[in-house]
Amino acid sequence: MTMRPVLCFGEALIDFHADGNDDRGFAQGFTPFAGGAPANVAVATSLLGGSARFAGMLARDRFGDFLLDSLERANVGVDDVVRTDDGNTALAFVTLDGHGERSFSFYREQTADLLFRPAHFRADAFRDVAVFHVCSNSMTDTTLATTTREGMQRAHGAGALVSFDINLRPALWPADVDARPLLWPAIHFADVLKMSAEEFEWLAVDGEEAALDRIWLGRTRLVIVTDAARPLRWFHPDADGELPCYAVDAVDTTAAGDAFVGGLLCRLAELDATPDRLDHLVTELPRLHAILRFAAACGALTVTRKGSFSALPNEQEVLDFMERHA
């Protein structure tokens, strides 16, 4: 059976990674890499043997050309990509500390990715889609947030699983805006919710139990909380657990979470995990643990390499990594 595609919506941008530091600690140069969280997930899914498409707005500039070419080279479908002259490509400058942890400086004012509207979705964009994936970066602009939620609703109407990675980037939000009330509607549209331990702490202002109770008021049936090399946790309305992760020497953590999500969604799409089948898949613990181990290996392997698209592993690399780190 042919695997139905994972459709990732949101931003594709240029990640400029710092090359070395001078004696004052400033970067000596920056190298451009194709990136953007949902675009990373699409590329990860494709490299892992899945079928992936990317939906978003790209500028008609050289960076937009570079992003489109990079997606195509990774065998990501681009029928849902729209080009525009009305905005430039968003840029992110990435600096790393001694442990490979990254920090971002964004240049994203009136950029192309913010200009996608519901009318830009193709009429049959959601036909036969296994998973529709988004993250909070497409919620930072009010109009784009409406478009994102519209896409989530259309995906549900087409029978697709909806995935939401909080992937919080505070620098993208206005300083006087509390993002939490703006994210809860999207959380309630998601069948699968992924967040980091720091994001869970940020979201759970009244404690984890209260946050989970609120999450279960929506469609969500699986919550995954990652915490670097520490054990990941998973939650279902009727069960929860944790799983050890892989300890590696991190070089660059930029796309690790996206690699994890790509591995997760690729495996769910392979299992044809429709919303009404998700409970059954989640409650079979050996299968759930196998999916999460694979996703964790995708993330762990990614942090050992520098870049965004370029750091993402293929399926054989992940399987070899898991065999070496059994």
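Procedures and definitions
Residues numbered from 1 in each chain as written. Predicted model: local features only at pLDDT ≥ 70, side-chain atom pairs only at ≥ 80, totals over all residues. Heavy atoms only, no water. Helix = DSSP H or I, 4+ residues; strand = E, 2+ residues; numbered from the N terminus. Rg over C-alpha atoms; globule rule 2.2 N^0.38 Å. Contact = heavy atoms within 4.5 Å. Areas by Shrake-Rupley, 256 points an atom, 1.4 Å probe, with all protein chains shown as cover. Lys, Arg positive; Asp, Glu negative; His and termini not counted. Charge placed at Lys NZ, Arg CZ, Asp CG, Glu CD. Axes fitted to C-alpha atoms, helices over the stretch in contact; angles between N-to-C directions. Parallel < 35°, antiparallel > 145°, perpendicular 65-115°, else oblique. Nonpolar A, V, L, I, M, F, W, Y, C, P; charged D, E, K, R; others polar. Core = buried A, V, L, I, M, F, W, Y, C linked by side-chain atoms within 4.5 Å. Buried < 20%, exposed > 50% of the residue type's maximum accessible area, 1.4 Å probe, protein only. Expected span 1.5 Å × (residues − 1). Disulfide = S-S within 2.5 Å.

Participant: Now, about the overall build of the chain: what can you tell me, with residues and values included?
Facilitator: Counting its regular elements, the chain contains 10 helices and 13 strands. A compact globule built from 326 residues should have a C-alpha radius of gyration of about 20 Å, and the chain, at 18 Å, falls within 12% of that. Considering only intrachain contacts with a sequence separation of at least 6, the fraction spanning at least 24 residues in the chain is 71%. Accessible area for the chain stands at about 13,800 Å²; split by element, carbon and sulfur atoms hold 49% of it. Measuring between centres, the 29 positive side-chain charges of the chain sit 4 Å from its 48 negative side-chain charges.

Participant: Go over the packing of helix α4 (residues 180-189) against helix α6 (residues 208-215) with me, naming the residues and quoting the values.
Facilitator: Relative to each other, α4 and α6 sit at 60°, their axes nearing to 10 Å. As the angle between them shows, α4 and α6 are arranged oblique. Residue-level contacts link Trp184, Ile187 and His188 of α4 to Ala211, Arg214 and Ile215 of α6. Within the contact of α4 with α6, the residues separate by chemical class into four nonpolar, one polar and one charged.

Participant: Explain the nonpolar core to me, and be specific about the residues and the numbers.
Facilitator: With 61 residues, the main nonpolar core has Phe54, Leu71, Leu264, Leu265, Leu268 and Leu292 as its most contacted residues. It is helix α9 (residues 285-302) that contributes the most residues to this core, 10 residues altogether. When residues no more than four places from it in sequence are discounted, the contact partners of Leu265 are Val6, Val41, Val131, His133 and Ser163. Ala55, Leu115, Trp202 and Phe235 belong to the second-largest nonpolar core, a separate cluster that totals 49 residues.

Participant: I'd like a description of helix α7 (residues 256-270), backed by residues and values.
Facilitator: With 15 residues, α7 extends 21 Å between its outermost C-alpha atoms, agreeing within 8% with the 21 Å of an ideal straight helix rising 1.5 Å per residue. Counting buried residues along α7, 13 of its 15 residues qualify, which places the element largely inside the surrounding structure. Immediately downstream of α7, the backbone of Asp272 shows phi near 55°, a positive value.

Participant: Can you explain the state of the cysteines? Please cite residues and give values.
Facilitator: Under the counting rule described, the total for this entry stands at zero disulfides. Between Cys266, a free cysteine, and Cys298, which holds the nearest cysteine sulfur, the sulfur-to-sulfur gap is 8.0 Å. Given the relative accessible area of 0%, Cys266 is considered buried.

Any link to function would need more than the numbers given here.
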